[in-house]
Each structure stands twice: as structure tokens, then as C-alpha cells.
Amino acid sequence: MTICSRIAAALAVASLTLASVGQSHATVFAGWQVANVPFGDTLNVRKYPSGTSQKQAAYPNGTVLQMTGRCTGGVNLLDIANQPAWQQEQKVRYRWCEVWHDPAKNGDFVTGWAYGKYIAPY
């Protein structure tokens, strides 16, 4: 193997390593769970942050959700993560928060929105 080939191989490995490191930082999720949904009901995750938007999926109490961190009103779940759980719940109570989920259970993840009244820190 020539010196140029070795350098090219080293650069390829380094670029793949940096690409995966950068990607992992871009996909940080906050773990929250479905909570406070009335008995026998489910939390609807919707396409847009509105109760009239298309329903993508429904989850029962206790289901752990991958939250992107983004909520309406400028609230970021990652920014409030160090606060007590009850304070976090109060911050999102009347907000819609973005979920990263697989509603069809086929590996095609999409974003959707869950109403904050029915989620709690996990």
C-alpha cells in the first residue's frame, strides 16, 4: 500500500468517525412518557400541533416517547430537564411537544405532536 493510499484510507476513516459523531449530537432526544390519560383512553399524536390535525398514532399511559425537545411557545424540554418533574410538567401543560415516532411500526420514523397535559418526564 502506497503512502497516498494509506493517507486516503486514514482520511476516509476519520471522516466517517466525524460524520457519526456529528449525527449523534443532532439526534438527541428527551425521554418522556404518556401520563394522566383517562382510564381506557389513549394519547393521540398528531401531524401538526392542533387537536384537529390528522392523528398519526395513539399511545396508552406508560408508553415512553422520544421527544425532539421542541414544544410550542419556545419551550425546549432539554433546557428544562434539570428542573423537578412537577415543574417540567407545568411548563408544557398547555403546549404541544414534538415526538419522533414510528406510527406504522415499519421503521419509517416521522415527527408528530403530543399535547403536554398528557406527558411527563421519564
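An account of the accompanying structure is given in this report. (Residues numbered from 1 in each chain as written. Predicted model: local features only at pLDDT ≥ 70, side-chain atom pairs only at ≥ 80, totals over all residues. Heavy atoms only, no water.)

When a protein is soluble and globular, its nonpolar side chains tend to lie buried together. Grouped together as the largest cluster of nonpolar side chains are 19 residues, with contacts concentrated most on Leu65, Met67, Leu77, Val92 and Ile119. At the level of secondary structure, the elements contributing two or more residues to this core comprise strand E1 (30-34), strand E2 (43-46), strand E3 (55-59), strand E4 (64-71) and strand E5 (96-101). Not counting chain neighbours up to four residues away, the residues in contact with Val92 comprise Trp32, Cys71, Val75, Leu77, Ile80, Cys97, Gly116, Lys117 and Ile119. (Core = buried A, V, L, I, M, F, W, Y, C linked by side-chain atoms within 4.5 Å. Buried < 20%, exposed > 50% of the residue type's maximum accessible area, 1.4 Å probe, protein only. Helix = DSSP H or I, 4+ residues; strand = E, 2+ residues; numbered from the N terminus. Contact = heavy atoms within 4.5 Å.)

Taken as a whole and judged by the stated rule, the model has 1 disulfide. Residue Cys71 pairs covalently with Cys97 via a disulfide, S to S 2.1 Å. Judged by the torsion about the S-S bond (105 degrees), the Cys71/Cys97 disulfide is right-handed. On the criterion of sequence distance, the pair formed by Cys71 in strand E4 and Cys97 in strand E5 is long-range, its members being 26 residues apart. Like Cys71, the residue Cys97 is buried in the burial classification. (Disulfide = S-S within 2.5 Å.)

The final tally for this structure, using the stated rule, is 1 salt bridge. Notably, a salt bridge pairs Glu98 with Arg70, separated by 3.1 Å at the nearest N-O pair. Note that Glu98 is positioned in strand E5 and Arg70 in strand E4, a separation of 28 residues in sequence. Classification of Arg70 as partly exposed rests on a relative accessible area of 47%. (Salt bridge = Lys/Arg side-chain N within 4 Å of Asp/Glu carboxyl O.)

Once that is clear, we can look at the packing of aromatic side chains. With the rule as written, the count across this model stands at 4 aromatic pairs. Where Trp100 meets Phe109, the ring centres are 5.9 Å apart and the plane angle is 20 degrees; that geometry is what we call stacked. Ring pairing ties together the aromatic residues Phe29, Trp100 and Phe109, which thus form one cluster. (Phe/Tyr/Trp six-rings, centres within 6.5 Å; stacked < 30°, edge-to-face > 60°.)

Bridging between E1 and E4 involves 4 bridges; their strand directions are antiparallel. Note on E4: the bridge partner recorded for Gly31 is Gln66. The sheet contact formed by E1 and strand E7 (residues 119-121) spans 3 bridges and is antiparallel. Paired with Gln33 across the two strands is Ala120, which belongs to E7. (Pairing = 2+ DSSP bridges.)

The backbone phi angle of Asn36 is positive, close to 70 degrees, even though this residue is not glycine. Within the secondary structure layout, Asn36 lies in the loop between E1 and E2. Since its relative accessible area comes to 51%, Asn36 is described here as exposed.

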